[in-house]
Amino acid sequence: LSVTDKIGTLDRMMFWTDKSEMREKTDIAIAEEVRARVKDIPGATIRTAEVSGFNGSAAPVQIEIVGPNTDELMRNANKVKEVLDKTPGVLNPDISFKASKPEVQVVLDRERAADFGLGVQGVAQALRDAVEGNVDAKFRDAGEQYDIRIQYDKLNRSSVQDVGEVIVGVRNNVPIRIRDVAKTIEGSGPTKIDRKNRQRQITVSAYLAPGKVIGNMQQQIDPELKKLDFGKAKYQWGGEANTMAEEGVYMVTALGLAITLVYMLMAALFNNLLYPFIIMLSIPQALVGGLLGLLVTNQPLSIIAMIGVIMLMGLVTKNAILLVDFTNTLRERGYRRNDALIEAGPTRLRPILMTTLAQILGALPIAMAL
């Protein structure tokens, strides 16, 4: 597989340079080729992802399941994973919860512990002091303070059997050990515990096949998730879907504010409330061209594209202002309405083309990702 830089439009324009070491394939195509090569390797789970969007190499599909009970969260996570497995275009669904950390679990017999006058907190604290130690004691010298860690000697806390020998109390001068009031079990625990709003969270993540975008896939997956019974748990979209939902509100607000400010400015400029509405009618027509451009280039309506829509709105209103302003000037000179419009079009064509081309050519390197 080629791991060199990809040849771009600017590189092709520089025809005199040597491009033999540069690759033609995109990162999406290379990722797809890697998936095809490694899918049959036995005993390995290999995930391939290209870096794109605002989340880097993070999985674009992230469904966060939140609830108080870990077992219930795992059942729901497996249900969500099954939905993603059945959805065309979704690759490598995975669950964030991994119970692969070996540990010794102490299961307290509460009734037996109560017979000895012991509670859960006392047993847990004694076990923690023995294995991990505590630093309640301090050593102070010459204005400095040092922790003194009190714990069992390493010889007495180096094996699983030693856990059962930890003394947690005394009765009739006889030590009470962990094995007297609890069972010790060798098991596995999670490598990490995620929380959100003080509740446990498990995330089901997945990648998308080339040509798939998170917005369309969310509309396809969400109806299937709503059919599931999550019990006391709840789910919500994270990752790119959450970013788009949050940023989309700001973009729509910015677009509405821009339209309002442009209208106020034009109303003050023309000293008229009707002319700005005439100019605003050019905005929907410009959106048609912008959306067709995205369709032809097979690009999604992303945050960057929405910024371009706001820029496009300023461009078309500028053109309309030039036409309407000059038309009004001609009307003041005594021209009839149709004559003023016919005169204003050819006369204002040159400044419209000059200013429009300047803005388009200035944005072209960014638009073409040069």
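Structure: above.
Let us look at the structure shown here.

Quick notes on the rules
- Residues numbered from 1 in each chain as written.
- Predicted model: local features only at pLDDT ≥ 70, side-chain atom pairs only at ≥ 80, totals over all residues.
- Heavy atoms only, no water.
- Helix = DSSP H or I, 4+ residues; strand = E, 2+ residues; numbered from the N terminus.
- Rg over C-alpha atoms; globule rule 2.2 N^0.38 Å.
- Buried < 20%, exposed > 50% of the residue type's maximum accessible area, 1.4 Å probe, protein only.
- Contact = heavy atoms within 4.5 Å.
- Areas by Shrake-Rupley, 256 points an atom, 1.4 Å probe, with all protein chains shown as cover.
- Lys, Arg positive; Asp, Glu negative; His and termini not counted.
- Charge placed at Lys NZ, Arg CZ, Asp CG, Glu CD.
- Core = buried A, V, L, I, M, F, W, Y, C linked by side-chain atoms within 4.5 Å.
- Expected span 1.5 Å × (residues − 1).
- Phe/Tyr/Trp six-rings, centres within 6.5 Å; stacked < 30°, edge-to-face > 60°.

### Focus on the overall build of the protein chain
Point 1. Looking only at helices and strands, one finds 13 helices and 11 strands in the protein chain.
Point 2. Taken over the C-alpha trace, the protein chain has a radius of gyration of 34 Å; the compact-globule value for 370 residues is 21 Å, which it surpasses by more than 25%.
Point 3. Principal-axis analysis of the C-alpha atoms gives the protein chain an extent of 115 × 60 × 55 Å.
Point 4. Within the protein chain, the fraction of its 370 residues that count as buried is 28%.
Point 5. Taking as baseline every contact in the protein chain between residues at least 6 positions apart, the subset at least 24 positions apart corresponds to 63%.
Point 6. As presented, the protein chain carries roughly 24600 Å² of accessible surface, and 56% of it is formed by carbon and sulfur atoms.
Point 7. The distance from the centre of the 44 positive side-chain charges to the centre of the 42 negative ones in the protein chain is 4 Å.

### A short note on the nonpolar core
Point 1. Formed by 23 residues in total, the largest nonpolar core has its most connected members in Val-61, Ile-63, Ile-65, Val-80, Leu-84, Ile-221 and Trp-237.
Point 2. Secondary-structure elements contributing two or more residues to this core are strand S1 (61-67), helix H3 (70-86), strand S2 (90-95), strand S10 (199-208) and helix H8 (214-226).
Point 3. Counting residues per element, this core draws most heavily on H3, which supplies 5 residues.
Point 4. Setting aside residues no more than four positions away along its own chain, Val-61 makes contact with Leu-84, Val-204, Ser-205, Ala-206, Leu-208, Ile-214 and Trp-237.

### Some words on helix H12 (residues 303-332)
Point 1. A rise of 1.5 Å per residue sets the reference length of H12, with its 30 residues, at 44 Å; its end C-alpha atoms lie 44 Å apart and thus fit the reference within 8%.
Point 2. Taken from the residues just after H12, Gly-334 is the one with a positive phi, measuring 105°.

### Here we look at the packing of aromatic side chains
Point 1. Under the criterion given, the structure shown has 3 aromatic pairs.
Point 2. The interplanar angle of 25° and the centroid separation of 5.1 Å between the aromatic rings of Phe-230 and Tyr-235 together place this pair among those described as stacked.
Point 3. In this structure Phe-230 comes out as buried when scored by relative accessible area, which is 8%.
Point 4. Since its relative accessible area comes to 21%, Tyr-235 is described here as partly exposed.
Point 5. Arranged with centres 5.1 Å apart and planes meeting at 50°, the rings of Tyr-263 and Phe-277 form a pair that is tilted. Linking Tyr-263 in helix H9 (residues 239-270) with Phe-277 in helix H10 (residues 275-280), this pair joins segments that are 14 residues apart in sequence.

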